[in-house]
Amino acid sequence: MSDAPLVLAVPSKGRLQENATAFFGRAGLKFVQSRGSRDYRGTIAGLDGAEVAFLSASEIVSQLASGAAHLGITGEDLVREQVADADAAVEMLTPLGFGHANVVVAVPQAWIDVRCMADLDDVASHMRARHGRKLRVATKYVNLTRRFFAEHGLGDYRIVESLGATEGAPAAGSAEIIVDITTTGATLAANALKILDDGVMLASEANLVASVRAPWSPRARAAANAILSRIAAEEEGRSVREIRARLTDAKPAAIEEMVARHGARLPFGAHAESGILAIHCPEKAVFALVDDLAGTGADEITVNAPAYVFRKANPLLERLLARI
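In this text, all values refer to a predicted model and were calculated from it rather than measured experimentally.

Engineer: Please clarify how the overall build of the chain should be interpreted in this entry.
Structural biologist: Secondary structure summary: the chain contains 12 helices and 15 strands in total. Here the C-alpha radius of gyration of the chain, 25 Å, is well above what a compact globule of 324 residues would show, namely 20 Å. Overall, the chain is about 85 × 50 × 35 Å in size when its C-alpha atoms are taken along their principal axes. Every one of the 324 residues in the chain was classed for burial, and the buried ones make up 46%.

This is how it looks when you write it as structure tokens:
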């Protein structure tokens, strides 16, 4: 148990693998596949106690749910669909900013009076009364569909599991409506379908997911600490700008109030003996804060983007440790 390494499951191919590799690379975590791209096991350069497993997206979810992998990158839509007790089995540590897609309810554009789920309930009742059958819903997202429809009080329907292109089901006559995943909605529109106004089931994106059921040995925890510290530091560095300025007669209390007003922070305090002040500021507030600093008589104001900002407190690690 004490020697068991951390297993990090990442997509084995395609755009998701490219984005995952780039995400970890920005945090100084480089994947190494000793036998080349066909090797489905790897390591992280310079980091002991961690193995990388290159798997399909659905395999990653099952490995996390069973505890065979400690950390993984996969879409929230797959987690919510495949794991019935997702919140008990895994912890969504952080969204990664790629793999965006929505799971939606789409109906024929010709249904001009059907705009929301309540309208769909009326359609289902009418279909049952007039045709003696249930509304058919084509989807690969069976569990998400059942939960979402139940939340909206819709029960008079039948799921038709889709094995191919779901968006073609209404035109083929195998279903009246669909539940599918979409990024732009263009494919739905091309098939004469529209998304209901309240028909977005889940706004999904790739997440860094932790398994609550994995065997978190001391070695695995140490590797997780190193990985999550670097990820948190890169995320923090990407979200802030470091402003440095030479102060003159500005009082520390006035500086502290000004910095707080812009949502910034003073990592080294407002009492700079050298007269040089360092501020970590949200990117959107940089120029307003620079103007205020200049108004106090500050000079030689520079703005830089830090590559990493390491803090003693790591929200990602804290979230993980609270669950395991």
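Now, onward.
Engineer: Help me understand the pattern of salt bridges in this model?
Structural biologist: Two side chains carrying opposite charge are able to pair once their charged atoms lie near each other. Tallied over the entire structure, the rule returns 15 salt bridges. Notably, a salt bridge pairs Asp85 with Arg213, separated by 2.5 Å at the nearest N-O pair. Of this pair, Asp85 sits in the loop between helix H3 (76-82) and helix H4 (86-89) while Arg213 sits in the loop between strand E12 (206-211) and helix H9 (218-239); the two residues are 128 residues apart in sequence, bridging distant segments of the chain. Judged by relative accessible area, Asp85 falls into the partly exposed class, the value being 35%. Relative accessible area serves as the criterion here: at 41%, Arg213 is assigned to the partly exposed category. Asp156 is the salt-bridge partner of Arg128, the closest N and O atoms lying 3.3 Å from each other. Here Asp156 lies in the loop between helix H6 (142-151) and strand E9 (157-161) and Arg128 lies in helix H5 (residues 117-131), a separation of 28 residues in the sequence. You can call Asp156 partly exposed: its relative accessible area is 22%.

Engineer: When you look at the sheet that holds strand E8 (residues 135-139) in this model, what are you seeing that I'm missing?
Structural biologist: Across a sheet, strands are paired by hydrogen bonds formed along the backbone, either parallel or antiparallel in direction. The 5 strands lie next to each other as E9-E8-E10-E7-E11, forming an open sheet whose pairing is mixed. Each edge of the open sheet is held by one strand with a lone partner, namely E9 and strand E11 (193-204). Neighbour-to-neighbour, the strand axes of the sheet open up by a mean angle of 25°, direction not taken into account. As defined by bridge partners, E8 adjoins E9 across 5 bridges and the pair is classed as parallel.

Engineer: Just to check I follow, could you spell out the environment of Gln63 for this structure?
Structural biologist: Mapping Gln63 onto the fold places it in helix H2 (residues 57-66). With a relative accessible area of 28%, Gln63 lands in the partly exposed category. Residues Gln63 and Ala214, spaced 151 residues apart in sequence, show a C-alpha to C-alpha distance of 9.2 Å. Leaving out residues up to four positions away in the same chain, Gln63 has contacts with Leu55, Ala68 and Ala69.

Engineer: Looking at this model, I keep getting lost on H2. Mind explaining?
Structural biologist: An α-helical segment advances 3.6 residues per turn. Residues three or four places apart therefore align on the same side. Restricting attention to buried positions, one finds in H2 the residues Ile60, Val61, Leu64 and Ala65. Relative to the axis of H2, the buried residues are bounded by an arc of 130° and lie together on one face. The elements touched by buried residues of H2 are strand E1 (6-11), strand E4 (47-55), strand E5 (71-75), H3, strand E6 (90-95) and E12. Positive backbone phi, at 90°, marks Gly67, one or two positions downstream of H2.

Engineer: Is there a simple way to think about the nonpolar core in this case?
Structural biologist: For soluble globular proteins, the rule of thumb is that nonpolar side chains tend to be buried together. Counting 34 residues, the largest nonpolar core has Leu6, Leu8, Phe24, Ile44, Leu208 and Ile231 as its most contacted members. Going through the elements one at a time, E1, helix H1 (14-26), E4, E5, E12, H9 and helix H12 (315-321) are the ones with two or more residues in this core. Ranked by residue count, the leading element in this core is H9, at 7 residues. With residues up to four places along the chain from it excluded, the contact list for Leu6 reads Gly49, Ala50, Glu51, His70, Leu71, Trp216, Ala220, Ala223, Ala224 and Ile227. The next biggest cluster of nonpolar side chains, apart from the first, holds 24 residues, and it includes Val114, Ala124, Val137 and Tyr157.

Engineer: Where do I start with the packing of H1 against H9 in this structure?
Structural biologist: Packed helices, taken two at a time, are described by the angle their axes make and the gap between the axes. Between H1 and H9, whose axes approach to 8 Å, the crossing angle comes to 85°. Considered as vectors, H1 and H9 are oriented roughly perpendicular to each other. Here Phe23, Phe24 and Arg26 of H1 lie close against H9, whose contacting residues are Ile227, Ile231, Glu234, Glu235 and Arg238.

Engineer: Teacher, can you tell me more about helix H11 (residues 286-295) here?
Structural biologist: For H11, the full list of buried residues reads Val286, Leu289, Val290 and Leu293. Angular distribution of buried residues about the axis of H11 spans 105°; they occupy a single face of the element. Facing away from the buried surface of H11 by more than 90 degrees, the exposed residues are Phe287, Asp291 and Gly295. The secondary structure elements touched by the buried residues of H11 are strand E13 (240-246), helix H10 (252-261), strand E14 (276-282) and strand E15 (299-304).

Quick notes on the rules
- Residues numbered from 1 in each chain as written.
- Predicted model: local features only at pLDDT ≥ 70, side-chain atom pairs only at ≥ 80, totals over all residues.
- Heavy atoms only, no water.
- Helix = DSSP H or I, 4+ residues; strand = E, 2+ residues; numbered from the N terminus.
- Rg over C-alpha atoms; globule rule 2.2 N^0.38 Å.
- Buried < 20%, exposed > 50% of the residue type's maximum accessible area, 1.4 Å probe, protein only.
- Salt bridge = Lys/Arg side-chain N within 4 Å of Asp/Glu carboxyl O.
- Pairing = 2+ DSSP bridges.
- Axes fitted to C-alpha atoms, helices over the stretch in contact; angles between N-to-C directions.
- Contact = heavy atoms within 4.5 Å.
- Arc of directions from axis to C-beta.
- Core = buried A, V, L, I, M, F, W, Y, C linked by side-chain atoms within 4.5 Å.
- Parallel < 35°, antiparallel > 145°, perpendicular 65-115°, else oblique.

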